[in-house]
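# Commentary on secondary and tertiary structure
Here is how the chains run, residue by residue.
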Amino acid sequence: MSPLFPALAARSALPALRFGDRSLTHAELAAAAGSLAAGLAGARRVAVWATPTPETAVGVVAALLAGVPAVPLNPKTGERELAHILADSEPSLVLAEPGAELPAALGALPRRDVELTGPETPLPPELSPEAPALIVYTSGTTGPPKGAVLPRRAITSTLDALEDAWQWTADDVLVHGLPLFHVHGLILGILGPLRRGGEVRHLGRFSTQGVARELASGATMLFGVPTMYHRIAEALPGDPQLVKALAGARLLVSGSAALPVHDHERIAAATGRRVIERYGMTETLMSTSVRADGEPRPGTVGLPLKGVEFRLVDESDGIGEIQVRGPNLFTRYLNRPDATEAAFDDGWFRTGDMASLDADGYVRIVGRKATDLIKSGGHKIGAGEIENALLDHPGVREAAVTGEPDADLGERIVAWIVPADPAEPPAPEELSAHVAAQLAPHKRPRDVRFLDTLPRNDMGKIMKRALHG
């Protein structure tokens, strides 16, 4: 059986991880993670205190080598949610960087500090593709988070499909500043380069200066979320070094939420480089992407990846719910057979995301079935297209669109706006008319509400459920 990380098995002397001034080659990572893996043998599960450090990467890789499912923990998780995750996953111990202060909820667990060095030890044999690798907890919208059990084949199939779609090789050097407790930052951002035999440089904390520095000194790819690309777009006019660095990048990838078309266009105009988008979620890892050799079409997330089956169900007005099946899927929700059964339709995973298809099969995400699909006056309306139209207005810095019950329309469209100039926000009537002229009259906001900031989670996604009238 081929190894999950061939370059580790081969003890490659090429760079693997860099966090600031601390770095490891693949051979050094194999020694550190292999030594730790030997001490994890027999553990039920391990929790990993997922700070943005090389210790987190070593801890996760060690657990994968040992065949012990790892549970990445968000260091910002609140007490109640952390207590739920620990009670649900029942880890045998917690891995953490030396000196990290752990919350009281972790006090009952044995702790093992992760070291970045270790004696060279034989790596354990590769496990079955169906063996559980990670348990990643999804954000709970209607209850406590659920632990998605991700098998090894989900990780390998997604990363190998992205190798094909993105022409990803061992020569690529990835830079990112994403959290390491989630699919995007951990599986794509850390495990992806390690599987390819390349290098990842983690910024620790995202900054446009860090992006410019790394892309100017050998990095070829950038992974980010829309909030990061928005900050990049804002900084470009006054930062020629950032412009030059982005212009020289091989691939700029955005995910976890839709990148507004306005930011797409600003980055392309300044750098000549297009950001590409992909689509996935915790339970499916990656399902679609714009290809590196394809058309980077703003507002779309490309085509289904190699090996992924994709369909839209219950279509009307050209919009349907995305369902996927394939080797990229999780196996179950931990301790939740009811939720697992409800999530599948004859082997197809019900994503809860709504989309339409362009004539050539490119996927356009409308949004979540529950929060981004607005049924108003007999029309199905996607919040995303209205948000993009609002962001084209010079008086709008950020925008979110929701639907609220309306006795006449069924739902009325509500726009939540962070104005470019808080002292002189645009008139609500002006914004409604702007949308009506850009899209159609029935898509105009009926209410416009101004905010200082939009509520966002750690991945930069707008938390629409936190927006209330």
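Everything that follows concerns the structure shown earlier in this document.
Below, the structure is looked at part by part. Along each chain, residues carry numbers from 1 onward, in the same order as the chain's sequence is written. Local features in a predicted model are, by the rule used here, given only for residues with pLDDT of at least 70; side-chain atom pairs are given and counted only at 80 or more, and totals for whole chains, interfaces and linings are based on all residues. Think of the side-chain values as coming from all heavy atoms in the structure, minus any hydrogens and water.

This brings us to the pairing of strand β25 (residues 410–419). Classification of residues uses two cut-offs on accessible area relative to the type maximum, computed with a 1.4 Å probe and protein chains only: under 20% is buried, over 50% is exposed, and between them is partly exposed. Numbering of helices and strands runs from the N terminus, with a helix taken as a DSSP run of H or I at least four residues long and a strand as a DSSP run of E at least two residues long. Most of β25 is tucked away: seven of the ten residues are buried. The pairing of strand β24 (residues 396–406) with β25 spans ten bridges and is antiparallel. Pairing of T402 across the sheet is with V414, part of β25. Where β24 folds back on β25, the antiparallel hairpin that results is connected by three residues. DSSP-based pairing: two strands are paired if at least 2 bridges between them are found. Looking at chain direction, β25 and strand β26 (residues 447–450) are connected through four bridges and run parallel. Bridge pairing links I417 to F450 in β26. A crossover gets the label right-handed when its path from the first strand over the helix to the second runs clockwise, viewed with the strands pointing away from the viewer. Note on the crossover from β25 through helix α13 (residues 428–438) to β26: the handedness is right-handed.

Take the sheet that holds β26 next. One open sheet accounts for three strands, arranged β24-β25-β26; its pairing is mixed. Of all strands in the sheet, those with a lone pairing partner are β24 and β26, marking the two edges. Within the sheet, the average angular offset between the axes of one strand and its neighbour, ignoring direction, is 25°. We call two residues in contact when some of their heavy atoms are within 4.5 Å. Lines are fitted to the C-alpha atoms to define the axes, a helix being fitted only along its stretch in contact, and any angle between axes, read from their N-to-C directions, falls within 0 to 180 degrees. Strands β24 and β25 of the sheet are contacted by helix α12 (residues 383–391), whose axis makes an angle of about 140° with β24.

Across its 13 residues, helix α3 (residues 54–66) extends 18 Å between first and last C-alpha, which sits within 8% of the 18 Å expected from 1.5 Å per residue. Residues of α3 that are buried include every one of P54, E55, T56, A57, V58, G59, V60, V61, A62, A63, L64 and L65, and no others. G67 lies just past α3 and shows a positive phi near 75°. In a helix, the anticipated span is given by 1.5 Å times the number of residues less one.

Put simply, α3 and helix α6 (residues 183–196) touch, their axes get as near as 12 Å, and they point 70° apart. The pairing of α3 with α6 is recorded here as roughly perpendicular in orientation. In this structure, α3 uses A57, V60, V61 and L64 to contact α6, whose residues at the interface are L186, I190, L191 and L194. Each residue is assigned to one class: nonpolar for Ala, Val, Leu, Ile, Met, Phe, Trp, Tyr, Cys and Pro, charged for Asp, Glu, Lys and Arg, and polar for all the others, Gly among them. Partitioning the contact of α3 with α6 into residue classes produces eight nonpolar, no polar and no charged. In these notes the angle categories are as follows: under 35 degrees is roughly parallel, over 145 is roughly antiparallel, 65 to 115 is roughly perpendicular, and the rest is oblique.

By convention, a stacked pair of Phe, Tyr or Trp rings (six-membered ring in the case of Trp) has centres within 6.5 Å and planes under 30 degrees apart, an edge-to-face pair has planes over 60 apart, and any other such pair is tilted. If you walk through the whole model with that rule in mind, you get seven aromatic pairs. Seen from their ring centres, F330 and Y333 are 4.8 Å apart, and the 55° between their planes marks the pair as tilted. Of the aromatic side chains, those joined through ring pairs into one cluster are F330, Y333, F344 and F349. Sitting over the ring of Y333, K146 keeps its end group 5.0 Å from the ring centre. Definition used: whenever NZ (Lys) or CZ (Arg) falls within 6 Å of the ring centre and also within 35 degrees of the ring normal, the charge is taken to sit over that ring. The ring of Y362 carries R297 above its face, with NZ or CZ at 4.0 Å from the centroid.

Within the element layout of this structure, L390 appears in helix α12. Since its relative accessible area comes to 0%, L390 is described here as buried. Separated by 43 residues in the primary sequence, L390 and A433 have C-alpha atoms spaced 10 Å apart.

What follows covers helix α7 (residues 208–216). Side chains that are three or four residues apart share a direction in an α-helix, a result of its 3.6 residues per turn. Among all positions of α7, only T208, G210, V211, A212, E214 and L215 are buried. Contacts made by the buried residues of α7 are with β1 (15–19), β9 (173–176), β10 (199–202), β11 (221–224), α8 (226–235) and α9 (240–247). After α7 finishes, the residue G218 shows a positive phi value of roughly 110°.

Right, let's get into unusual backbone geometry. A positive phi is found at Q167, a non-glycine position, where the angle reads about 55°. Of note, the phi angle at D346 is positive, near 55°, even though the residue is not glycine. You can see D346 is positioned in the loop between β19 (344–345) and β20 (348–357).

Note on sheets: strands pair through backbone hydrogen bonds, and any given pair is parallel or antiparallel. In spatial order, the strands read β2-β1-β10-β9-β11-β12-β13-β14-β15; together these nine strands make up an open sheet with mixed pairing. Each having just a single partner strand, β2 (22–25) and β15 (303–304) make up the two edges of the open sheet. Of the strand pairs in this sheet, strand β13 (residues 275–281) and strand β14 (residues 285–289) are connected by four bridges, and their pairing is antiparallel. If you follow Y279 over to β14, its bridge partner there is T288. Sheet strands touched by helix α2 (residues 26–40): β1 and β2. Its angle to β2, the strand with the most contacts, is close to 95°.

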